[in-house]
Amino acid sequence: MDVKTGLFYLFSAVLLFAAFRVITARNPVYAALYLVLAFSQAAAVWILLRAEFLAITLVLVYVGAVMVLFLFVVMMLDINMDSIRQGFWKHFPLAATVGALIALEMAAVLMGGFREPPKPVPLEQAGAQLSNTKELGQMLYTQYLYPLEIAAVILLVAIIAAIALTLRRRKDSKYVNPADQVRVKARDRVQVVKLAATQSAAADTPPAPTSMEKKA
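Residues numbered from 1 in each chain as written. Predicted model: local features only at pLDDT ≥ 70, side-chain atom pairs only at ≥ 80, totals over all residues. Heavy atoms only, no water.

- By the naming in an unreviewed UniProt entry, the protein chain goes by NADH-quinone oxidoreductase subunit J and is assigned to Variovorax terrae.
- Under Subcellular location (unreviewed entry), UniProt gives the following word-for-word description of the protein chain: "Cell membrane".
- Quoted verbatim from the Catalytic activity (unreviewed entry) field of UniProt, the annotation for the protein chain is "a quinone + NADH + 5 H(+)(in) = a quinol + NAD(+) + 4 H(+)(out)". (UniProt positions renumbered as here; feature names shortened; annotations may be inferred.)

Set out below in structure tokens:
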């Protein structure tokens, strides 16, 4: 067994352990951390398969963005796990049925065996240096251009719908219209107002009598 095969079995074993702990961990934070470990091991397996672009995308998008956001939401919401576990056995038959169907589908695919991949052409015979990222980009933007644009439009609609559903105007919140701030002028910021005097000057009032005057 060479080094590449040993690394494949090592990454696969850690991946299976992490995936098992994702569904068995009682703490959702631990489950999310095990999912990060599973993603990292899957990226390592893809690197062994010379799919560098997919491996880097998995690390950057899922491990670096999605899982961090998920951990932030879990820690901020402070979910009560006791109330969630109360409905476990209620939904267990449906979950077991779906799990059995997925297992049967995977068994049907794996029992058919894997086709032997075509042998790669050496770079010396190909006459040029190949790049997985370049070939993937050319395929996406030529052969799969319309599906890519449709997926982009669907994601854009989903983003707009999420913003529209969560947009709420609170009556008790105070805010300033930016248009009013832009149109404001310097003379409108400070206004000097002259007020009438409410009492007479101090020179007009007679002085208070002293103690000697009171005795006289």
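Once the structure has been displayed, the description carries forward.
1. Details of the nonpolar core
- Core analysis: the largest hydrophobic core is formed by 11 residues, namely Val29, Ala32, Phe39, Ala42, Ala43, Ala55, Leu58, Val63, Met67, Leu71 and Val74.
- Contributing elements (two or more residues each) for this core: helix H2 (28-48) and helix H3 (52-77).
- The element that contributes the greatest number of residues to this core is H3, accounting for six residues.
- In contact with alanine 55, other than residues within four places in its own chain, are Ala43, Trp46 and Ile47. (Core = buried A, V, L, I, M, F, W, Y, C linked by side-chain atoms within 4.5 Å. Buried < 20%, exposed > 50% of the residue type's maximum accessible area, 1.4 Å probe, protein only. Helix = DSSP H or I, 4+ residues; strand = E, 2+ residues; numbered from the N terminus. Contact = heavy atoms within 4.5 Å.)

2. Some thoughts on unusual backbone geometry
- A positive phi angle, near 65°, is found at arginine 50, a position not held by glycine.
- Locating arginine 50 in the fold gives a position in the loop between H2 and H3.

3. With respect to the confidence of the model for the protein chain
- Chain-level statistics for the protein chain give a pLDDT mean of 79 and a share of 79% at 70 or above.
- The spread of mean pLDDT over the elements of the protein chain runs between helix H6 (residues 123-126), the lowest at 49, and helix H1 (residues 3-24), the highest at 90. (pLDDT = per-residue confidence, 0-100.)

4. Examining the UniProt feature "transmembrane region" (unreviewed entry) in the protein chain
- Those residues carrying the UniProt feature "transmembrane region" (unreviewed entry) are residues 6-23, 30-49, 55-79, 91-114 and 144-167 in this numbering.
- The distance separating the terminal C-alpha atoms of residues 6-23 is 27 Å; by composition the span is 100% helix and 0% strand.
- Structurally, residues 144-167 is divided into 92% helix and 0% strand, and its ends, taken at the C-alpha atoms, are 35 Å apart.

5. Overview of the environment of alanine 25
- Residue position: alanine 25 is located in the loop between H1 and H2.
- Take alanine 25: its relative accessible area is 16%, and that puts it in the buried class.
- Filtering out sequence-adjacent residues up to four positions away, alanine 25 remains in contact with Tyr30 and Ala31.

6. Overview of the packing of H1 against H2
- Direction vectors running N to C along H1 and H2 enclose 155°, while the axes themselves pass 8 Å from each other. The angle between H1 and H2 places the two elements in the roughly antiparallel class. Handedness of the crossing formed by H1 with H2: left-handed. Listed contacts from H2 to Lys4, Leu7, Phe8, Phe11, Ser12, Val14, Leu15, Phe17, Ala18, Ala19, Arg21 and Val22 of H1 are Ala31, Tyr34, Leu35, Leu37, Ala38, Gln41, Ala42, Ala44, Val45 and Leu48.
- When grouped by side-chain class, the residues that make up the contact of H1 with H2 number 18 nonpolar, two polar and two charged. (Axes fitted to C-alpha atoms, helices over the stretch in contact; angles between N-to-C directions. Parallel < 35°, antiparallel > 145°, perpendicular 65-115°, else oblique. Left-handed = near helix turned anticlockwise from the far one by under 90°. Nonpolar A, V, L, I, M, F, W, Y, C, P; charged D, E, K, R; others polar.)

7. A short note on the packing of H2 against H3
- Orientation of H2 relative to H3, taken along the N-to-C sense of each, is 175°, at an axis distance of 9 Å. Taken together, the axes of H2 and H3 are roughly antiparallel relative to one another. Here Pro28, Val29, Ala32, Leu33, Leu35, Val36, Phe39, Ser40, Ala42, Ala43, Trp46 and Ile47 of H2 lie close against H3, whose contacting residues are Leu54, Ala55, Leu58, Val59, Tyr62, Val63, Met67, Phe70, Leu71, Val74 and Met75.
- Here the residues of the contact of H2 with H3 are counted per class, giving 22 nonpolar, one polar and no charged.

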